[in-house]
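For reference, the chains in residue letters:
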Amino acid sequence: MGKTYERIDGRLRSFIEAQPLFFTATAPLSGDGTVNLSPKGLTGSFAVLDELTVAYLDFAGSTAETIAHLRENGRITLMWCAFQGPPNIVRVHGRGEPVFRDDPRFAELLTHFDGIDPTRHGLRAIIVVTAEIVRDSCGYAVPFMSYDEDRDLHGRRFAREDDDSLNAYFTKKEHIATSLDGLPGLPLPLPPSTV
């Protein structure tokens with residue numbers, strides 16, 4: 001049923017690029033640390049960079065668990081499910097890195113996301129993932145669900161923020177600068193953008 005792939009291309013690439021939702025999973029090295037699982041959406045915020053590299057935009061939120069775990073150990077799994085059409089689940093197991101706004105690579109990476117205006121969402125970083133294992137599985141138990149449209153609440157909430165107000169927002173949140181387990185999270189104050 002399941003198959004391992006050497007690269008993200010062809011049918012596999014088309015499948016993951018067509019999904020309106022994917023999930024990220026990370027964990028700290030500590031055996032009693034908190035495992036994090038996050039849904040990701042917003043049309044245009046995900047990109048396949050090459051046959052072994054994908055990236056997504058990391059927007060303002062109430063925690064920075066993924067960033068903290070990646071800074072500590074780099075382990076990440078991304079998962080897409082077919083909620084419409086033939087059943088399928090695709091997982092990319094790999095190494096991730098948060099590329100912050102003051103990184104020289106940031107501006108070039110941002111060119112891969114022309115389907116979204118990141119300034120409306122409090123862009124914190126671009127998460128770049130290098131695939132180590134790419135697998136699919138049947139997805140026979142995944143239910144059919146319909147996608148209607150993206151919610152506009154995130155964009156409306158953060159469109160009114162600038163760097164100063166974002167920094168104030170992040171500073172008030174308990175788990176932005178440090179994770180639930182006390183790991184370094186998002187560097188604050190928010191690094192200035194290179195673009």
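Scroll up to find the structure this text is about.
Here is a short report on the structure shown in this document. What you are looking at is a predicted structure, and each value in this text was computed from that prediction instead of being measured. (Residues numbered from 1 in each chain as written. Predicted model: local features only at pLDDT ≥ 70, side-chain atom pairs only at ≥ 80, totals over all residues. Heavy atoms only, no water.)

Comments concerning the packing of aromatic side chains
Here is step 1 of the chain: Within this structure, the stated rule accounts for six aromatic pairs.
Here is step 2 of the chain: Judged by centre distance (5.4 Å) and plane angle (70°), the ring pair of Phe 22 and Tyr 56 falls under edge-to-face. Of this pair, Phe 22 sits in strand S2 (residues 22-26) while Tyr 56 is found in strand S5 (residues 53-58), placing the two residues 34 residues apart along the sequence.
Here is step 3 of the chain: By relative accessible area, Phe 22 is classed as buried at 3%.
Here is step 4 of the chain: Look at Tyr 56 and you get buried, because its relative accessible area is 1%.
Here is step 5 of the chain: An aromatic cluster of at least three residues, connected via ring pairs, comprises Phe 22, Phe 46, Tyr 56 and Trp 80.
Here is step 6 of the chain: In this arrangement the basic side chain of Arg 157 is found over the ring face of Phe 158, its NZ or CZ atom lying 4.5 Å from the centre.
Here is step 7 of the chain: Against the face of Tyr 169 rests Arg 157, its NZ or CZ located 5.0 Å from the ring centre. (Phe/Tyr/Trp six-rings, centres within 6.5 Å; stacked < 30°, edge-to-face > 60°. Helix = DSSP H or I, 4+ residues; strand = E, 2+ residues; numbered from the N terminus. Buried < 20%, exposed > 50% of the residue type's maximum accessible area, 1.4 Å probe, protein only. Lys NZ or Arg CZ within 6 Å of the ring centre and 35° of its normal.)

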